[in-house]
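Chains, contacts and geometry: an overview
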Amino acid sequence: MTGFSEHDADAKRGNGDASAHTSVATPPDHLASVERRLRALVGLTPDAMLIIGSDDAILVVNDQVARLFGHRPEDLVGRPARLLFAEHVGGALSAGAAIDAARSQPVVLELAGRRRDGGVFPVDVSLAPVDGDEGMVAAVIRDMTARRAADAALQASERRFRAFLELAPDAVVIVGGGGRIVLVNAQLERLFGYRREELLGRPVEVLLPERLRGAHERHRRGYGDEPEVRAMGAGLDLLGRRRDGTEFPVDISLSPLETEEGSLVAAAIRDVTERRRAERELKAAYRELESFSYSVSHDLRAPLRSIDGFSSIILEEHADGLGDEGRRLFERVRAASQRMGELIDDLLLLSRVSRTEMTLRPVDLGALARQVAARLADDHPSRHVEMEIDVEDVVPGDPGLLRVALENLLGNAWKFTRGRDPAHVTFTATGPPGAREYHIRDNGAGFDMAYADKLFGPFQRLHGPRDFEGNGIGLATVQRIVRRHGGRVSARGAVGEGAEFSFTLRAVEAPMSSNARS
Amino acid sequence: MIVEDNDDDADLILHALERGGRESEIVLLRDGTEALGHLRAVGGRGDAPALVLLDLKLPRVSGLDVLRALRAEERSPSAPVVVLTTSREDRDVAEAYALGANGYVVKPVEFSAFVAAVQRISAYWLDTNVPPPERLL
């Protein structure tokens, strides 16, 4: 028979048989069916159930008692109920006292259960007198181990959470229903000048200037409809208001929190006064730089023109009085002023490359390279260079800046292949979509790899001006352009064996092929 | 008519024009106010310069202001104005053309290129800019 075991003193004394039969006469049929159903019910419950007699002895137990306490049911029947409990520190009543009290009224309390192996575990116990049976107590015992562990873990987790919040460098406020402040950390107290008691329960708008509160409330309700983690008002100027009424610029990021108490929103607030100031200073510095460059372009070039101009006039119209040496010296004056002019131009280009706002558009690199190559061919009609352009990528970039970069790279390739016949320059691409690398290779003079790290510094040259003209700005410009596009540039070469310059651009999206190539 | 405040540049322009061997009356003005005064005087006689070489960086009144005033006040025939300046800023180019300049040349640093530029400008506007014979009208 499943469900429970009964103690029957008579049965035990009578035939020594510890089985679960009673010697009571078989109850009438309807009672029997009621009993069957009760047994089925009692057998199902996950809790341990007992009936305790007036002498504190266990009369009836269900099978769950075995599971919970480790005793066989038949071993418990007839034993004192006390044996299932250990002394419960901090308990209001002992087990015995509770059972006693339950003879006249229901009692519910926490106790410490004791297993057969001596192990102690938390239990919730409900006791009640059994109607009609004087002195008998029914008991339901529930194992609270898991629940207590979960509670403890939750509390520990909450403690950790609060500790973490207090440590956070940002001011944090947690907002609950109706926009009321549920929690703030120490940083928020410091930032806004409030003690937390002054803020808890108040609407979060108290942290904003009055004139902004209405709009914020509307936004807050909107956020509640579609909560998501986000930086609030990126790019906008948000303001916070301190207790003393002063206002300051802030950045805010929001995260929704789901808790048992409902949906909360956590906001991290950062004082960006310093950052705004730094941004303003940077903008001012850029404007200063721009006006400086502008005046450089006027003021520096004019005297150069004078130097070159008057030297030329002297050479043309007063050559006779000069003599050979004099003429040569004036030629050198002219050459020097021309070099200086190119230097100024390149420097201005380099600074403009850094300053200009980039406008991103799809740029067909292959087409751009072909245009640059055509221009090179036009400018140097006496040269014959074999150009191979094998790039079909269309990438997001600033067309003007990328043109300058290609002009420099391809121009260099042309320049350094001057002694070669045939001169060979290729523009290719490698790598998977999203990680493309572009290469410009030439079979020209090359360079010594030992100096490779100097290549991209401004004014660094690995060839003397007698071999190849140039002032060493070009590659620094290319590097700056590539960097502004989020990429990197590198070079490989060997003396007398040509060079290969490679660069990547920002891998934001895969390049779009302008034509499908089979 | 040359509007140029820099002495050296002025001399170089004159030199370049002389090299072209063209017989023309050359008027050199040093700032915007003088230039406008001259243009008004000339305009009052129903005349206009055959060519104006205009620097942008002028004291007191900028070259662009001169151009603006010139176009605003002139009656036909309008004077061809070529801006000859050191500035290669896009905004200056755009504004010069917007105000009605006929050409914009950045002064080359190299003298021979400078001479070539001045000569090309004057050749175009002084030699070729001639009204077609009446029969073809």
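Going by the structure above, here's the rest.
To start, this report covers the structure provided alongside it. Being a predicted model, the structure only gives us computed values, none of them experimental.

Broken down by element type, chain A carries 15 helices and 21 strands. Evaluated residue by residue, chain A yields a buried proportion of 37% over its 518 residues. Summed over its atoms, the accessible surface of chain A is roughly 29,900 Å², and 53% of this surface lies on carbon and sulfur atoms.

Looking only at helices and strands, one finds five helices and five strands in chain B. The helix and strand sequence of chain B, counted from the amino end, reads β-α-β-α-β-α-β-α-β-α. Counting every position in chain B, which comprises 137 residues, the buried fraction comes to 45%. Here the analysis covers contacts within chain B between residues at least 6 apart in sequence; of these, 66% occur between residues at least 24 apart. Accessible area of chain B: about 7,100 Å², with a carbon and sulfur share of 51%.

Moving on, we come to the nonpolar core. Residue and element names in this part refer to chain A. Leu 365, Phe 427, Tyr 438, Ile 440, Phe 501 and Phe 503 are the most contacted members of the largest nonpolar core, which has 35 residues in total. Looking at this core, the elements that each hand over two or more residues are α13 (365-379), β15 (385-389), α14 (399-416), β17 (423-430), β18 (437-442), α15 (474-484), β19 (489-493) and β20 (499-503). Ranked by size, the runner-up nonpolar core spans 28 residues in total, among them Ala 48, Leu 84, Ala 98 and Ala 139.

This brings us to the interface of chain B and chain A. Contact with chain B, which involves 22 residues of that partner, is made by 21 residues of chain A. Carbon and sulfur atoms supply 54% of the area that chain B and chain A bury against each other, a total of about 1,800 Å² over both sides. Interface area lost by chain B to chain A is led by B:Thr86, B:Val109 and B:Phe111, which between them contribute 31%. Scanning the region where chain B abuts chain A turns up one salt bridge. The salt bridge partner of B:Asp9 is A:Arg305, with a shortest N-O separation of 2.9 Å. At the junction of chain B and chain A, the tally comes to five residue pairs in polar contact (both at pLDDT 80 or more). Listed by contribution, the elements that provide at least two residues to the side of chain B that touches chain A are α1 (7-20), α4 (90-98) and α5 (111-128) of chain B. The biggest single contributor to the side of chain B that touches chain A is α1(B), with six residues. When grouped by side-chain class, the residues that make up the side of chain B that touches chain A number five nonpolar, six polar and eleven charged.

Let us now look at the environment of A:Ala435. Summarising the element assignment, A:Ala435 is placed in the loop between β17 and β18. Separated by 70 residues in sequence, A:Ala435 and A:Leu505 place their C-alpha atoms 8.5 Å apart.

Further remarks concern a nonpolar patch on the surface. On the surface, a nonpolar cluster with roughly 410 Å² of combined accessible area is contributed by A:Val34, A:Leu38, A:Leu41 and A:Leu44. Judged by relative accessible area, which is 58%, A:Leu41 ranks as exposed.

About the criteria used
Residues numbered from 1 in each chain as written. Chains lettered and ligands numbered in written order. Predicted model: local features only at pLDDT ≥ 70, side-chain atom pairs only at ≥ 80, totals over all residues. Heavy atoms only, no water. Helix = DSSP H or I, 4+ residues; strand = E, 2+ residues; numbered from the N terminus. Buried < 20%, exposed > 50% of the residue type's maximum accessible area, 1.4 Å probe, protein only. Areas by Shrake-Rupley, 256 points an atom, 1.4 Å probe, with all protein chains shown as cover. Contact = heavy atoms within 4.5 Å. Core = buried A, V, L, I, M, F, W, Y, C linked by side-chain atoms within 4.5 Å. Buried area = accessible area lost by both parts, 1.4 Å probe. Salt bridge = Lys/Arg side-chain N within 4 Å of Asp/Glu carboxyl O. Polar contact = N/O pair within 3.5 Å; in protein donor to acceptor, adjacent residues only side chain to side chain. Nonpolar A, V, L, I, M, F, W, Y, C, P; charged D, E, K, R; others polar. Patch = residues over 30% accessible without salt bridge, like charges linked within 9 Å, V, L, I, M, F, W, Y side chains within 5 Å.

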